[in-house]
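# Remarks on the overall topology
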Amino acid sequence: MLENTSTLAAYRIPVTSGPRTLEVPVLTPGQRIGVVLDRPALGPVIWLAPEALGGFTPVTATPVPGGVRYRSANCRALTSRGAAVLHRDAAGRIDGGAQLPPASVSCAPGERELPAVLPAGSEVFPYCDLRPE
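Residues numbered from 1 in each chain as written. Predicted model: local features only at pLDDT ≥ 70, side-chain atom pairs only at ≥ 80, totals over all residues. Heavy atoms only, no water.

### Comments concerning the sheet that holds strand β11 (residues 110-115)
The strands making up a sheet are joined through hydrogen bonds of the backbone, oriented either antiparallel or parallel. Applicable threshold: Paired strands, in this sense, are two strands between which DSSP finds at least two bridges. Per the convention used, a helix needs a DSSP run of H or I reaching at least four residues, while a strand needs a run of E reaching at least two, with both numbered from the N terminus. Here an angle of 0 to 180 degrees is reported between the N-to-C directions of two axes, which are lines fitted to C-alpha atoms, with helices fitted over the stretch in contact.
Pairing is antiparallel in the open sheet, where three strands are placed in the order β7-β8-β11. Each edge of the sheet is formed by a strand with only one pairing partner; in this case those strands are β7 (60-64) and β11. Adjacent strand axes in the sheet meet at a mean angle of 20°, parallel and antiparallel pairs treated alike.

### Details of the environment of T79
Put simply, the test is: Think of it in three bands: with a 1.4 Å probe and only protein chains considered, a residue is buried below 20% of the maximum accessible area for its type, exposed above 50%, and partly exposed in between. Identification of polar contacts relies on pairs of N or O atoms within 3.5 Å, with a donor-acceptor requirement for protein atoms, meaning one able to donate a hydrogen and the other able to accept it, and with residues adjacent in sequence counted only if both atoms are side-chain atoms.
Counting through the fold element by element, T79 comes out in strand β9 (residues 79-88). On the accessibility criterion, T79 (15% relative accessible area) is buried. Residues T79 and T60, spaced 19 residues apart in sequence, show a C-alpha to C-alpha distance of 14 Å. Among the polar contacts made by the side chain of T79, one reaches the main-chain carbonyl oxygen of R131 at a distance of 2.6 Å.

Next comes the structure, spelled out in structure tokens:
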């Protein structure tokens, strides 16, 4: 788990573990997000004032029977970069995870449910990017 404990927004956060690298698009102050890497190391981060994000709010995801319900209060569609799925055991400890591909994650405004097969105790962390590419 990554957590932004600063008062600034972290933007384009490179995270590496051995030969694997991923990028967390944005992490607002106080926000936590899952990362499916063993012993992740952070690269250089771009720090921005939260108001520079133009009203951006994080997209949330809730596992539901047969899928995941995504909610976005943003006024425009963001670009999906996939999602991290963390699995917790009965004691609440993280005991595994997976990465959902971008096409399986909704960053559209409003609420949308997409199909997915997730084990009980899963948490989904969408990676929704402000950049359109």
